[in-house]
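Residue-level structure breakdown
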Amino acid sequence: MAAIIFNLFVINKSGGLIFYKDYGTQGRLDTNDSLRLASLWHSMHAISKELSPVGGCSGIELLEGDTFDLHCFQALTGTKLFVTTEPGTTGMENLLKTIYELYTDYVLKNPFYEVEMPIRCELWDLNLALAVKKDGKASLVGR
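Cut-offs and rules
Counting restarts for each chain: residues are numbered from 1 in the order of the written sequence. Per-residue local features are limited, in this predicted model, to residues with pLDDT of at least 70; the limit for side-chain atom pairs, both in listing and counting, is 80 or more; totals at the level of whole chains, interfaces and linings are taken over all residues. By convention in this description, side-chain values take in all heavy atoms of the structure and omit both hydrogens and water. For this document, the term salt bridge refers to a Lys or Arg side-chain nitrogen within 4 Å of an Asp or Glu carboxyl oxygen. Counting from the N terminus, the helices are DSSP H or I runs at least four residues long and the strands are E runs at least two residues long. Only protein chains enter the accessibility calculation, which uses a 1.4 Å probe; a residue is then buried when its area is under 20% of its type maximum, exposed when over 50%, and partly exposed in between. Pairing of aromatic side chains here covers Phe, Tyr and the six-membered ring of Trp, requires ring centres within 6.5 Å, and sorts the geometry by plane angle: under 30 degrees stacked, over 60 edge-to-face, intermediate tilted. Pairing between strands is defined by DSSP: at least two bridges between them are needed. Contacts: residue pairs with any heavy atoms within 4.5 Å of one another. We define a polar contact as two N or O atoms separated by no more than 3.5 Å, with the added condition that, inside protein, one atom must be a possible hydrogen donor and the other a possible acceptor, whereas residues neighbouring each other in sequence contribute only through side-chain atom pairs.

Within this structure, the stated rule accounts for two salt bridges. Here Asp33 makes a salt bridge to Arg36, at a shortest N to O gap of 2.5 Å. Here Asp33 and its partner Arg36 are both found in helix H1 (residues 31-51), three residues apart, which amounts to about one turn of the helix. Given the relative accessible area of 30%, Asp33 is considered partly exposed. The residue Asp105 makes a salt bridge to Lys109 at a minimum N-O spacing of 3.2 Å. Classification of Lys109 by relative accessible area gives exposed; the value is 62%.

Okay, here's the thing in structure tokens:
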């Protein structure tokens, strides 16, 4: 059974939303809600590192809710990628790492991209869609 991905977010190290993608109609957010969620997640992730009783904690990696799961990957650069999925979805860590590799290859190596700014790269969009479709455990819904 394929997992359903609702949304994908990319947040820069300052907490600014630099990329957002909806997949389907369930979980769709308007622009203001997506900005608020990204900002809130950045803050919660930072606070969780400080409050963790375990030394060396890197922040929240999975938030499980009744109607969704939020999977997060933070790169050493401070960039955070997270997806919201249907509850109980597994294997998103590998997908998020693959998406980060695409980010480094098609966004950061693009000479016209300004770091920390919103992502507007056609090759990123194309390869992102291919990576999500190719992942054996995930499929796009809608769009």
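With that out of the way, let us pick up unusual backbone geometry. Backbone phi values are negative for most residues with the exception of glycine, while trans is the configuration of most peptide bonds. Unlike most non-glycine residues, Glu116 shows phi in positive territory, near 75 degrees. Looking at where Glu116 falls in the secondary structure, it is placed in the loop between helix H2 (92-108) and helix H3 (122-134). According to the relative accessible area criterion, Glu116 is partly exposed, its value standing at 24%.

All told, the structure shown has seven aromatic pairs when counted by the stated rule. Measuring from centroid to centroid gives 4.7 Å for Phe9 and Tyr20, while their planes differ by 50 degrees, and the two rings are tilted. Taken together, the residues Phe9 in strand E1 (residues 3-11) and Tyr20 in strand E2 (residues 17-22) connect sequence positions 11 residues apart. Following the ring pairs from residue to residue traces out a cluster consisting of Phe19, Phe73, Tyr100, Tyr103 and Trp124.

A regular strand places its side chains so that they alternate between the two faces of the sheet. Pairing analysis gives five bridges linking E1 to E2, with the strands arranged antiparallel. Across the sheet, residue Val10 finds its bridge partner in E2, namely Phe19.

Tracing the sequence through the fold places Tyr100 in helix H2. The sequence separation of Tyr100 and Thr85 amounts to 15 residues, and the corresponding C-alpha distance is 18 Å. In this structure, Tyr100 is in contact with Phe73, Ala75, Thr77, Thr79 and Leu81, ignoring residues within four places of it in sequence. A distance of 3.4 Å separates a polar atom in the side chain of Tyr100 from a polar atom in the side chain of Thr77.

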